[in-house]
Every structure is written in C-alpha cells, then in structure tokens.
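Next come the chains, spelled out residue by residue.
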Amino acid sequence: KFIKQEGDTVTAGEAVAWVDDENYRLTVRQDQTAIQVAEAALARTRVAAEHTTSELERARNLLKSGGITDRDLKSAEVAQRDAAAQVALAEAQLAQARAVLEAAEKRLRDTVIRAPIGGVIEQRFVNPGAYVEAPTPMFTIVDNQRLELESPVPSADLAQVRQGQRVTFEVNSYP
C-alpha cells in the first residue's frame, strides 16, 4: 500500500509505502511463543541439574560412610555431568530462539518502506498489489534543494570561472 504519491514531499526516513505484514506479525508471535517454550525447558533442566547435584553430594557422603559403592558414585557423577550438559543445551536453544525472533522482528520492521532522502516523489515505478523484490526501484525522489548543473563553458571564458563561484541559471522546467 502506498502512503505517498507522485508529487508529494517526503522527509528522510518517512514512510512512503508498506507491505502487507500479517504473515510477519504471525511469525513474530510464533517466535515469541518459541522463546517461552525454550525458557520453560531451561527452567526444567535447571531443576533437574540442581537435583542431580544434590544427589551427587549425597552419594559422596554415603561413599565415605560405606553406604554405597564406588560404582554408584560414578553413576551420580555421570548423571550430574549429563544434567549440566542439558542445561547448556537448553541455554543454547533459548539463545537460538531469541535470534530467530530478532530476525522475524527485523523482517516485520522491513515491511515499512521509508524514503532514504528528503525531497519530492518524482516518479512511482510500481502499483499497489504488485510483487516487488529487492532491488526493484519503487520511487524516484528528487532533492530540489541540491541540484547539479553540468554546462559547457567556452574556452575563451574559462579564465573567469573559479571554484566556489556563485552561478545563477534558469531552466524552463524549473524556473
């Protein structure tokens, strides 16, 4: 959808058009939910890790008193290392879910097309509903405050021309 039309004045960063963002909003919601799931999984693995750490401590105390074998202690140590690895995995999955959400939020922000410079929309190249991919130009924006003039100067007058010299000129299309 277009906010601005040919001949409209725009400022740098102003929204000039936007893309239908429904799918992008749904993706952001889905990715936010994935973060909640990853946070719950991390909390669950931390609880399990705390439990295996206390079980390992208990096993060490029992080994000293002769209540368990060395093999039982080794099993408790393996269980504690596995729980720590599960916590690390859950933390990585949460970080991954957050990165996916950031990418989805950027795609949602990118549905708003903004003017890169201030000026006047001289020409629009696409119509509403058209399928557009980067780097398809959508508009030509002209900054009439800053124009470039290329003009031939006869060699006989070249000595009078100096850098930074003020020039006055007129053109039929923009008097």
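You'll find the structure just up there.
Residues numbered from 1 in each chain as written. Predicted model: local features only at pLDDT ≥ 70, side-chain atom pairs only at ≥ 80, totals over all residues. Heavy atoms only, no water.

This part takes up the overall build of the chain. A count of helical and extended segments in the chain gives two helices and five strands. Helices and strands in the chain line up, N terminus first, as β-β-α-α-β-β-β. The C-alpha radius of gyration of the chain comes to 33 Å, more than 25% above the 16 Å expected for a compact globule of 175 residues. For the chain, the spread of C-alpha atoms along the principal axes amounts to about 110 × 45 × 20 Å. Considering the chain as a whole, with its 175 residues, one finds that 20% of them fall into the buried category. Accessible area for the chain stands at about 13,400 Å²; split by element, carbon and sulfur atoms hold 51% of it. For the chain, the centre of its 21 positive side-chain charges and the centre of its 26 negative side-chain charges are spaced 7 Å apart. (Helix = DSSP H or I, 4+ residues; strand = E, 2+ residues; numbered from the N terminus. Rg over C-alpha atoms; globule rule 2.2 N^0.38 Å. Buried < 20%, exposed > 50% of the residue type's maximum accessible area, 1.4 Å probe, protein only. Areas by Shrake-Rupley, 256 points an atom, 1.4 Å probe, with all protein chains shown as cover. Lys, Arg positive; Asp, Glu negative; His and termini not counted. Charge placed at Lys NZ, Arg CZ, Asp CG, Glu CD.)

Compared with an ideal rise of 1.5 Å per residue, which puts 40 residues at 58 Å, helix H2 (residues 70-109) spans 59 Å between its outermost C-alpha atoms and is within 8% of the ideal. Those residues of H2 that sit buried are Leu-73, Ala-76, Glu-77, Ala-83, Val-87, Ala-90, Leu-94, Ala-97, Leu-101 and Ala-104. Lining the buried residues of H2 we find helix H1 (22-65). (Expected span 1.5 Å × (residues − 1). Contact = heavy atoms within 4.5 Å.)

Structurally, Leu-56 is set in helix H1. Taking C-alpha positions, Leu-56 is 6.9 Å from Gln-80, a pair spaced 24 residues apart along the chain. Aside from chain neighbours lying at most four places away, what touches Leu-56 is Leu-73, Ala-76, Glu-77 and Gln-80.

Formed by Val-28, Ile-35, Ala-38, Leu-42, Ala-49, Ala-83, Val-87, Ala-90, Leu-94, Ala-97, Leu-101 and Ala-104, the largest nonpolar core amounts to twelve residues. Elements with a minimum of two residues in this core: H1 and H2. Here this core gets seven residues from one element, more than from any other, and that element is H2. Look past the residues within four positions of Ala-38 in its chain and what remains in contact with it is Gln-93, Leu-94 and Ala-97. (Core = buried A, V, L, I, M, F, W, Y, C linked by side-chain atoms within 4.5 Å.)

All we've got here are geometric facts, nothing functional implied.
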